Amino acid sequence: VCRSAEVQTTSCKSMAAPQAVVEDKEVKELEQILSALEKYHPTIPDSVTEYYLRKTGFHTTDPRVTRLVSLAAQKFIADIAHEALQQARMRNMREKGRKDQRLVMTAQDIGAALQVHNVKIVKPEHLGPLSGGAAGGSA
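Reference entry: report on the structure contained in this document. Quantities reported herein were computed from a predicted structural model and do not represent experimental measurements. (Residues numbered from 1 in each chain as written. Predicted model: local features only at pLDDT ≥ 70, side-chain atom pairs only at ≥ 80, totals over all residues. Heavy atoms only, no water.)

Here we look at the overall build of the protein
Per the secondary structure count, the protein includes four helices and zero strands. Tracing the protein from N to C terminus, the helices and strands come up as α-α-α-α. Looking at the protein as a whole, 14% of its 139 residues are labelled buried. Within the protein, counting contacts between residues at least 6 apart in sequence, those at least 24 apart form 50% of the total. Accessible surface for the protein amounts to roughly 11200 Å². Of this, 59% is attributable to carbon and sulfur atoms. (Helix = DSSP H or I, 4+ residues; strand = E, 2+ residues; numbered from the N terminus. Buried < 20%, exposed > 50% of the residue type's maximum accessible area, 1.4 Å probe, protein only. Contact = heavy atoms within 4.5 Å. Areas by Shrake-Rupley, 256 points an atom, 1.4 Å probe, with all protein chains shown as cover.)

Set out below in structure tokens:
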């Protein structure tokens, strides 16, 4: 902490200079990312992202912000899909006795993948338990 005028002129300025360089570097990196977003077209259309942003109360006129949110959502969905695929593969390895060895991703796999990412699924009671099989019984 710089308390006296003598110390402030020497050590405080030397501390501020590296911080300014780091901030300039971060600003340049951010500008590069934002300019790249202008040319990038994510899988999730801007109109869909804008709809959900408005629905949650977020309003922006900068399309780069919308694309950044789209890119984050796309990454999240890709991570969930990858984790669900891993869950399906592990389940398939446990069930080696089956005749049909096709890899089928179930709602249970997706639910497990979502739990890994701390997303809880709460289904309405009238839909019944989350299961991979068809509902049985007579009406």
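Notes on the environment of F58
Position of F58 relative to the elements: it lies in the loop between α2 (46-55) and α3 (63-94). According to the relative accessible area criterion, F58 is partly exposed, its value standing at 38%. Apart from the residues within four sequence positions on either side, F58 is in contact with L53 and V65.

Thoughts on unusual backbone geometry
Even without glycine at this site, N118 takes up a positive phi of about 60°. Among the secondary structure elements, N118 is positioned in the segment after α4 (107-116). N118 sits in the exposed class, given a relative accessible area of 71%.

Quick word on a nonpolar patch on the surface
A contiguous nonpolar surface patch, about 320 Å² in accessible area, is contributed by I33, Y40, L68 and L71. Within the element layout of this structure, L71 appears in helix α3. (Patch = residues over 30% accessible without salt bridge, like charges linked within 9 Å, V, L, I, M, F, W, Y side chains within 5 Å. Salt bridge = Lys/Arg side-chain N within 4 Å of Asp/Glu carboxyl O.)

Concerning the packing of α2 against α3
Their axes nearest at 9 Å, the elements α2 and α3 cross at an angle of 95°. Comparing the axis directions of α2 and α3 gives the class roughly perpendicular. Across from D46, T49, E50 and L53 in α2, the residues of α3 making contact are T66, R67, V69 and S70. Taken together, the residues that form the contact of α2 with α3 break down as two nonpolar, three polar and three charged. (Axes fitted to C-alpha atoms, helices over the stretch in contact; angles between N-to-C directions. Parallel < 35°, antiparallel > 145°, perpendicular 65-115°, else oblique. Nonpolar A, V, L, I, M, F, W, Y, C, P; charged D, E, K, R; others polar.)

What about a negative patch on the surface?
Together, E23, D24, E26 and E29 line one region of the surface with negative charge. As for its placement among the helices and strands, E29 is situated in helix α1 (residues 5-39). Residue E29 is classed as partly exposed on the basis of its relative accessible area of 40%. (Lys, Arg positive; Asp, Glu negative; His and termini not counted. Charge placed at Lys NZ, Arg CZ, Asp CG, Glu CD.)

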